[in-house]
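Listed below are the residues making up each chain.
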Amino acid sequence: MSTEASTSGLITILPGAGLMPDHYDRVRETAADRPEADSLPVVPDPAADHEQAELKRRRDDVEIKHQRIREFLDRNDQDAVVLGRAESVAWFTSGGDVGQGCGSEFSSILLFINRNSRAVIADNVQSSRVFEEELAGLGFQLKERPWFDDPLRVVAELCHNKRIVADMSTSGCTPWRRDFDPLSALRRRLTNLERQRLRELGRTLALAVEATCRNFDQGEREADVAGHLAHRLLREGVVPVNLRIASDDRLGRYRQPTFKAEPINKRATITVTGRRHGLCASLTRTVSFGPVDAEFRAHHALATMVDATCIYFSRPSEPVSEVFRRSRRIYEKFDAPHEWTLDYQGVFIGYSPRDALLVPDSNIVLEPDMAVCWSPSVGSARSEDTIVVDSRGFEVVTAAQNWPQIEVAVKGYVLPRPGILER
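All values derive from a computational prediction rather than experimental measurement.

J.: Please give an account of the overall build of the protein that cites residues and values.
T.: Summing up its helical and strand segments, the protein has 10 helices and 19 strands in all. Of the contacts formed within the protein by residues at least 6 apart in sequence, a portion of 68% connects residues at least 24 apart. Working note: accessible area of the protein is about 18200 Å², and carbon and sulfur atoms make up 51% of it.

Dropping the structure here:
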């Protein structure tokens, strides 16, 4: 394999990448400090015509999920599924915002789903908002209870004499899991609506990070920059579920740093995971005050080579272990054979920031419509974007919008990767 890097600013359109329509650019406009248009998700009118286009798209999406549940029940000889984790409920409701809090693992409602119906188990505090703002017109029944009653009593009544699968057990739900558990496997392939939403989310994330990198001042603290970025994202209806700001050389000492009160004197590496409509996407960008030193530039170039190699080979029917083997060869070729052991190399991403950790001996084979985030690091440098495996190859959904590019050639194909913004 031939892998090489150059630093021309050419932007290459990737195969399979979605093209945005040519109209007023709401996302780019509202990435600035003073937006002219409100871009938060629209609250549906429960009394409106349920045949409106956007609601119909959501209802069709819910029907796709329900069919997957039916097939799961048939394969496993079960009668029903109970969903209570925030990511599971967001997936089945096509992006319903019903978590107990911004970062909560669990939903404020429970879902009971069998082959013929889907019911919401909610208390009287939550039920009106859930049905009017989140689930109106999507075909759910309500099983309401007083807020002071045990919700499991309603579940027990619904599950009496039935074979039930639930997602609320702790087994298989750790953030370090190496494979998909049976229920999360149902959501690993994105629907068309989910792919469009992820594409829009990725573009919003890229623009917000780029705007933040261009506008903070030298000497500001990591926490200040985290606040600037969180403000931009929340205004766009994006919840920053993971936000890491590493000043100067902190990333070399701590590969997964949180933001602190450290001042940013030379450079900052910003990593963010944002969630909207329940879906998550991640990216990393680096900004420098003045030219970077030769060592950091070399480390960044190697990280982009590894990243480009992982992205290029993230194609349908490719085993994750084979992608790992190819990426490790790049580390070895450039005399950094142990760098991959010092940091997580990537994750499957979707309704959870980490559906499964990517590891060298994984038995997972990549399929179309799976979302993957590779994030190799070398020293204090990191390269990271979220992609979707496509039937034609792959799509980078967090591609840089107005950012320096490094061209990396893999097998003769040139992939643009984010460079370093020097201010």
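From this point, things continue past the structure.
J.: Any chance you could break down the packing of helix α6 (residues 192-215) against helix α7 (residues 222-235) for me, citing the residues and the numbers?
T.: Where α6 meets α7, the axes come as close as 9 Å, and the angle between the chain directions of the two elements is 145 degrees. Where α6 crosses over α7, the handedness of that crossing is right-handed. Contacts between α6 and α7 involve L205, A208, V209, A211, T212 and N215 on the former and, on the latter, V225, H228, L229, R232 and L233. Tallied by class, the residues present in the contact of α6 with α7 amount to 7 nonpolar, 3 polar and 1 charged.

J.: Run through the sheet that holds strand β4 (residues 118-123), naming residues and quoting values.
T.: A sheet is described by the order of its strands in space; here 5 strands give the open sequence β5-β4-β3-β2-β6, paired in mixed fashion. Of all the strands in the sheet, the pair left with one neighbour each is β5 (141-145) and β6 (164-166). Strand-to-strand twist of the sheet, defined as the mean angle between neighbouring strand axes without regard to direction, takes the value 20 degrees. The pairing of strand β2 (residues 80-85) with strand β3 (residues 106-114) spans 5 bridges and is classified as antiparallel. Each bridged residue has a counterpart across the sheet, and for V81 the counterpart in β3 is I113. Against the sheet, helix α4 (residues 127-134) engages β3, β4 and β5, with an angle of about 160 degrees to β5.

J.: I'd like to hear about the environment of R188, residue by residue, with values.
T.: Inspection of the secondary structure assignment puts R188 in the loop between β6 and α6. Here R188 falls in the partly exposed class, since its relative accessible area comes to 26%. What R188 contacts, discounting residues up to four positions off in sequence, is F180, E367, D369, M370 and A371. In terms of polar contacts, R188 uses its side chain to reach the side chain of E367, at 3.1 Å.

J.: Could you give an account of the packing of aromatic side chains, with specific residues and numbers?
T.: With the rule as written, the count across this model stands at 8 aromatic pairs. Put simply, the rings of W91, F92 and F140 pair up and form one aromatic cluster. Across from the ring centre of Y312, 4.6 Å away, lies the NZ or CZ of R315, which sits over that ring.

J.: Give me the sheet that holds strand β16 (residues 393-396): which residues, what numbers.
T.: Here we have 5 strands laid out as an open sheet, ordered β11-β10-β12-β15-β16, and antiparallel in their pairing. Each of the sheet's edge strands pairs with one partner strand only, and the pair in question is β11 (356-357) and β16. Direction of pairing for strand β10 (residues 346-348) relative to strand β12 (residues 371-374): antiparallel, over a ladder of 3 bridges. Bridge pairing in β12 links V347 to C373. This element, α6, spans β12, β15 (385-390) and β16 of the sheet and lies at about 155 degrees to β15.

J.: Quick rundown of the pattern of salt bridges? Include the residues and the values.
T.: Under the defined criterion, the tally for this structure stands at 39 salt bridges. Between R115 and D74 there is a salt bridge, with the nearest N and O atoms lying 2.9 Å from each other. Placement of R115 in the loop between β3 and β4 and of D74 in helix α2 (residues 53-76) is noted, with a sequence separation of 41 residues between them. You can call R115 partly exposed: its relative accessible area is 28%. Among the residues examined, D74 registers a relative accessible area of 53% and is labelled exposed. Taking the shortest distance from any N to any O, the salt bridge between D123 and R145 comes out at 3.8 Å. With D123 in strand β4 and R145 in strand β5, the pair connects residues that are 22 residues apart, well separated along the chain. Assigned by exposure class, D123 and R145 land together as buried. Shared partners join several salt bridges into a network, and the residues in it are R188, R189, R195, R199, E367, D369, D390, R392 and E395.

The rules behind these values
Residues numbered from 1 in each chain as written. Predicted model: local features only at pLDDT ≥ 70, side-chain atom pairs only at ≥ 80, totals over all residues. Heavy atoms only, no water. Helix = DSSP H or I, 4+ residues; strand = E, 2+ residues; numbered from the N terminus. Contact = heavy atoms within 4.5 Å. Areas by Shrake-Rupley, 256 points an atom, 1.4 Å probe, with all protein chains shown as cover. Axes fitted to C-alpha atoms, helices over the stretch in contact; angles between N-to-C directions. Left-handed = near helix turned anticlockwise from the far one by under 90°. Nonpolar A, V, L, I, M, F, W, Y, C, P; charged D, E, K, R; others polar. Pairing = 2+ DSSP bridges. Buried < 20%, exposed > 50% of the residue type's maximum accessible area, 1.4 Å probe, protein only. Polar contact = N/O pair within 3.5 Å; in protein donor to acceptor, adjacent residues only side chain to side chain. Phe/Tyr/Trp six-rings, centres within 6.5 Å; stacked < 30°, edge-to-face > 60°. Lys NZ or Arg CZ within 6 Å of the ring centre and 35° of its normal. Salt bridge = Lys/Arg side-chain N within 4 Å of Asp/Glu carboxyl O.

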